[in-house]
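Structural features, examined
Chain residues, written in single-letter form:
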Amino acid sequence: MPDTARRAPLPPAQSPFAADLAAGLAARPKRLAPKYFYDAAGSALFEEITRQKEYYPTRAEMEILRAHAAEIGALVPEGAALVEFGSGSSAKVRLLLDAMPGLAAYVPVDISGDFLTQAAAALRAEAPGLAVLPVAADFTQPFALPEAVRGRPLVGFFPGSTIGNFDPDAARAFLAHARRTLGAGSRFIVGVDLVKDPRLLDAAYNDAAGVTARFNLNLLARANRELATDFDLAAFTHRAVFNAPARRIEMHLVSRRAQAVHLAGRAFPFAAGESLHTESSYKYTPDGFRDLAAAAGWTPGRLWTDAAGLFSVHVLAA
Ligand SMILES: C[S@@+](CC[C@H](N)C(=O)[O-])C[C@H]1O[C@@H](n2cnc3c(N)ncnc32)[C@H](O)[C@@H]1O
């Protein structure tokens, strides 16, 4: 069908998703920021990934949080608010609540608004004494914290190695932005995945049940739902590979054939084998992450790893 004959509704001109997808499809190599994985379906698929036996990061980080809950809890002063960046299902904060008796409010911040609302409601039901104050926002942009936490001591929490999804320059910029958001005297508890045997990484991002593949492909399904694009999901395949020099897992959606995809009346050609780079997941050494945090203005403090040395949790001080 010629482009001019397509009757798909134009996406809202101000939609950042439409603008970023158009720019990413026009780029060489094609790319899109991983934050667009997370509509309600993507958030549910991420939860399913965390239950796959090959996906060690969630288990390893939970082992650390359980083992050191008392020390982490001691970082949270009486009357403080805990601000979680990219809170998803808020599963990990549940491991810490008993160790934070003085916690006055929990502020989960997530871009996946409907999923966030449900997760906050579930946590409220479990912890009726805690003020749960969700903020639906893109945490890479300035956002306002709820009025109710103004003047309270703030502690940041950023588990899941979501920091690894930023390229190093962007990671430094994000850490500096988080420091401004949390303010003087704050602490930041950050979960960071570690450099390890690439075979473990390969297995974790290519789980046998194909859940990570479905998560990756949901990006195209989401674009079709929200932006009226015409991605043929059967014509793309999930690929996750470790880029050793860059110390990162890369996720791609690779075109199985030559084809064109349409967005807002514009055609974007794919060659056979051409990829759309959808996510990087950088792996750090403990010192590498401490150096990055220091370059962003934080003072690195304690750090813990799980028994197998797969994952790390860092305490940073502003
Ligand atoms: C890798 S998951 C981690 C979820 C959870 N914190 C955990 O540790 O299991 C990343 C989370 O960050 C959220 N997220 C990703 N990019 C975001 C952004 N730019 N702004 C706000 N939330 C974002 C996603 O919706 C998702 O819930």
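Residues numbered from 1 in each chain as written. Predicted model: local features only at pLDDT ≥ 70, side-chain atom pairs only at ≥ 80, totals over all residues. Heavy atoms only, no water.

Using a probe with the size of a water molecule, rolled over the atoms, empty space left in the structure can be pinpointed. Approximately 260 Å³ is the volume attributed to the second largest pocket. The wall of the second largest pocket is formed by 16 residues, among which Pro 16, Phe 17, Tyr 36, Arg 222 and Glu 226 lie closest to the centre. Residue assignment for the lining of the second largest pocket shows that the elements contributing at least two residues are helix 1 (16-26), helix 5 (113-126) and helix 8 (211-227). For the lining of the second largest pocket, the element with the highest residue contribution is helix 8, accounting for three residues. (1 Å grid on protein atoms, 1.4 Å probe; cavity = no way out; pocket = protein on both sides within 12 Å on 5 of 7 lines; lining within 4 Å. Points joined across faces, edges and corners; volume = space filled by probe spheres on them. Helix = DSSP H or I, 4+ residues; strand = E, 2+ residues; numbered from the N terminus.)

Attention now goes to the pairing of strand 6 (residues 154-158). Most of strand 6 is tucked away: five of the five residues are buried. Along strand 6, one buried face is formed by Leu 154, Gly 156 and Phe 158 and the opposite face, lined by Val 155 and Phe 157, is buried too. In the sheet, strand 2 (residues 81-85) pairs with strand 6 via four bridges, with the strands oriented parallel. Bridge pairing in strand 6 places Leu 82 opposite Val 155. In this fold, the crossover linking strand 6 to strand 7 (residues 187-193) by way of helix 6 (residues 168-182) has right-handed handedness. (Buried < 20%, exposed > 50% of the residue type's maximum accessible area, 1.4 Å probe, protein only. Pairing = 2+ DSSP bridges. Right-handed = clockwise from strand over helix to strand, strands pointing away.)

On to the sheet that holds strand 1 (residues 30-31). With mixed pairing, four strands are arranged side by side in an open sheet as 1-12-9-8. Among the strands making up the open sheet, the edge pair consists of strand 1 and strand 8 (236-243). As paired elements, strand 1 and strand 12 (residues 275-282) share two bridges and run parallel to each other. In the sheet register, Lys 30 faces strand 12, and the bridge partner there is Leu 276. Of the strands in this sheet, strand 8, strand 9 (248-255) and strand 12 touch helix 7 (residues 198-205), which is tilted by about 160 degrees from strand 8. Of the strands in this sheet, strand 8, strand 9 and strand 12 are in contact with helix 8, which crosses strand 9 at around 60 degrees. (Contact = heavy atoms within 4.5 Å. Axes fitted to C-alpha atoms, helices over the stretch in contact; angles between N-to-C directions.)

As a further point, take the site of the ligand. Around the ligand, a shell composed of 17 residues is seen, among which Gly 86, Lys 92, Asp 110, Asp 138 and Phe 139 lie nearest. In this structure, Gly 160 approaches the ligand through a main-chain N or O atom, which is 3.4 Å from an oxygen atom. Alone, the ligand offers 590 Å² of accessible surface; in the complex the protein occludes 94% of this. Here the residues of the shell around the ligand are counted per class, giving six nonpolar, six polar and five charged. (Near = heavy atom within 4 Å. Polar contact = N/O pair within 3.5 Å; in protein donor to acceptor, adjacent residues only side chain to side chain. Areas by Shrake-Rupley, 256 points an atom, 1.4 Å probe, with all protein chains shown as cover. Nonpolar A, V, L, I, M, F, W, Y, C, P; charged D, E, K, R; others polar.)

The next thing to look at is the domain arrangement of the protein chain. Along its sequence, the protein chain is carved into domain 1 (13-41 + 198-282) and domain 2 (56-196 + 283-317). Placing the centre of domain 1 and that of domain 2 at their C-alpha centroids yields a distance of 27 Å. Every contact between the two is made by 18 residues of domain 1 and, on the other side, 18 residues of domain 2. Summed over both sides, the interface of domain 1 with domain 2 buries roughly 1,500 Å², with 56% coming from carbon and sulfur. Counting across the interface, domain 1 meets domain 2 through one salt bridge. A salt bridge links Lys 35 to Asp 138; the shortest N-O distance between them is 2.7 Å. Viewed at the interface, domain 2 and domain 1 are joined by nine residue pairs in polar contact (both at pLDDT 80 or more). (Domains from an automatic or database assignment. Buried area = accessible area lost by both parts, 1.4 Å probe. Salt bridge = Lys/Arg side-chain N within 4 Å of Asp/Glu carboxyl O.)

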